[in-house]
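Notes for the structure review
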Amino acid sequence: MKPPGGMLALSAIQANTCAAASQSALARARELAKALPDRRNSSATSGEVEMAWWWVDHDALFQEAQEEWGRRHEALYQLEANEERFIRVELREAIAAVEAAALRDATVDESAVRRLLRQTEAPGVWAVPIFTPAFCEMVIQEVQHYEASGIPLRRPNGMNRYGAILDQLGLEDSMAYLSRRYLRPLGQLLYPYLISTGDADEHYAFMVRYKLGEDTQLAEHADASVLTLNANLGLPASQGGFKGGRLAFRGTRFIDEAPQKMAAAHVSFDAMEPGEGLLHLGGHYHAALPIESGERVNLIVWLHGKYEVVRVAPYKQEEQLSAKERWTAFSRERAEERLQQARSQLG
Ligand SMILES: O=C(O)CCC(=O)C(=O)O
Ligand SMILES: [Fe+2]
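Treat the numbers as computed from the prediction; the structure is a model and nothing was measured.

**Notes on the UniProt feature "domain: Fe2OG dioxygenase" (unreviewed entry) in the protein chain**
In the numbering adopted here, UniProt assigns the feature "domain: Fe2OG dioxygenase" (unreviewed entry) to residues 201–305. Measuring from the first to the last C-alpha atom of residues 201–305 gives 5 Å, for a span that is 0% helix and 52% strand.

Pasting the structure below:
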């Protein structure tokens, strides 16, 4: 931020302001970090409103500070250009093939994609191999690198206190690509009665961390999303990683009659590979049970419509998307964006 106006008629107060402004953005961000309350004292519910304006007011400064500090893994910020390193080959190939078929053929066979989706112990919750081990490791390191800068890091959501909002780190474009090319059509395939055109176009991506002495569990809730990806980034117990931290799923809001009274079905994260993720409806009630040892780190993406609208009314059969529609949407949007870019370059 630069002081407005010329430098000729500086009053003493302006001179002080100038001295503060001449400090580097990183130094100013670190100074501001002192105003933050201790995370251990912050609330485990409704935390999204904590100092909300403070974060908005200083957003530009924190970005400038991050530019000074630098990134650790530049490739993470360009997921599209690096997806061979980051997205599991089986998923990439299956999706590229179904997209090509959808552009070419009248009817589309989705069975190769369906074969990658594993029904879990919880009805309606599916496991999918999504990220490579390198991606998992690099995301964890990237957040650690940001934390080491001393730049204030906003809590990931209203309930989790430890972790990071990935957009704050600058991963917005990467997460948008992941969401639009992969997660949105997968959600439309699994839950066509709730996810159609426009219902899952935007994302909110964050990382959560559990360990003894920090957050160890998460109370039951439904997400502010129509579709949620919850991917395991940590090593499973069999490889010396964390133990515990199962997810307990019950019913789904507005779909089941008494969703929170339904019996819980458990999904064990500590048996999942790093990079394997769960897909579930945002309205599916879930809780994270206590971690027993180690550190559990998850990457979570919430998808919703424009203005954060979350679809809750089921679509009738005849309103639901066809396979051809869901697998061509991304390339149609791409073509449209390119056209607009070309037009704006022409003036
Ligand atoms: O810890 C988990 O795996 C679940 C986290 C979660 O449900 C959330 O952040 O919304
Ligand atoms: Fe959640």
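**Quick word on the coordination of the iron ion (ligand 2)**
Distances from the iron ion (ligand 2) to its protein donors, H221 (NE2), D223 (OD) and H286 (NE2), fall within 2.1 to 2.2 Å. Sequence spacing of the donors to the iron ion (ligand 2): H-x1-D-x62-H. A residue pair is termed long-range when its members are at least 10 positions apart, and H221 in strand β5 (residues 218–221) and H286 in strand β11 (residues 284–288) qualify at 65 residues. Assigned by exposure class, H221 and H286 land together as buried.

**Re the pattern of salt bridges**
By the definition in use, this model includes 20 salt bridges. Linking K34 and E31 is a salt bridge whose minimum nitrogen-to-oxygen distance equals 3.2 Å. For E31, a relative accessible area of 44% corresponds to the partly exposed category. R114 is the salt-bridge partner of E110, the closest N and O atoms lying 3.8 Å from each other. What makes R114 partly exposed here is its relative accessible area of 42%. Residues joined in a network through salt bridges with shared partners are E80, R180, R184, D201, E333, R334 and E337.

**Describing the environment of A94**
Structurally, A94 can be placed in helix α6 (residues 89–104). The buried category is assigned to A94, whose relative accessible area is 11%. Sequence separation between A94 and L116 is 22 residues, and the spatial gap between their C-alpha atoms is 8.6 Å. Excluding residues that lie within four positions of it along the chain, A94 makes contacts with A112, V113 and L116.

**Re helix α2 (residues 25–33)**
Looking only at α2, the buried set comprises A25, L26, R28 and A29. Angularly, the buried residues of α2 cover 165° about the axis, an arc narrow enough to put them on a single face.

**Description of the confidence of the model for the protein chain**
Taken as a whole, the protein chain shows an average pLDDT of 90; of its residues, 92% reach a score of 70 or greater. Here residues 1–17 is a poorly scored stretch, pLDDT under 50, and it has 6 contacts once near neighbours within four places are set aside; other chains count. Taken over the whole predicted complex, pTM reads 0.91, whereas the ipTM for its chain interfaces reads 0.99.

**Comments concerning the sheet that holds strand β8 (residues 247–252)**
Strand order in the open sheet made by the 4 strands is β5-β11-β8-β9, with antiparallel pairing throughout. Because the sheet does not close on itself, it has two edges, and the strands there are β5 and β9 (265–267). Sheet twist, expressed as the mean angle between neighbouring strand axes with direction ignored, is 25°. As paired strands, β8 and β9 are joined by 3 bridges and run antiparallel to one another.

What counts and what doesn't
- Residues numbered from 1 in each chain as written.
- Chains lettered and ligands numbered in written order.
- Predicted model: local features only at pLDDT ≥ 70, side-chain atom pairs only at ≥ 80, totals over all residues.
- Heavy atoms only, no water.
- UniProt positions renumbered as here; feature names shortened; annotations may be inferred.
- Helix = DSSP H or I, 4+ residues; strand = E, 2+ residues; numbered from the N terminus.
- Donors = N, O, S within 2.8 Å, 3.2 Å for Na, K, Ca; no water.
- Buried < 20%, exposed > 50% of the residue type's maximum accessible area, 1.4 Å probe, protein only.
- Salt bridge = Lys/Arg side-chain N within 4 Å of Asp/Glu carboxyl O.
- Contact = heavy atoms within 4.5 Å.
- Arc of directions from axis to C-beta.
- pLDDT = per-residue confidence, 0-100.
- Pairing = 2+ DSSP bridges.
- Axes fitted to C-alpha atoms, helices over the stretch in contact; angles between N-to-C directions.

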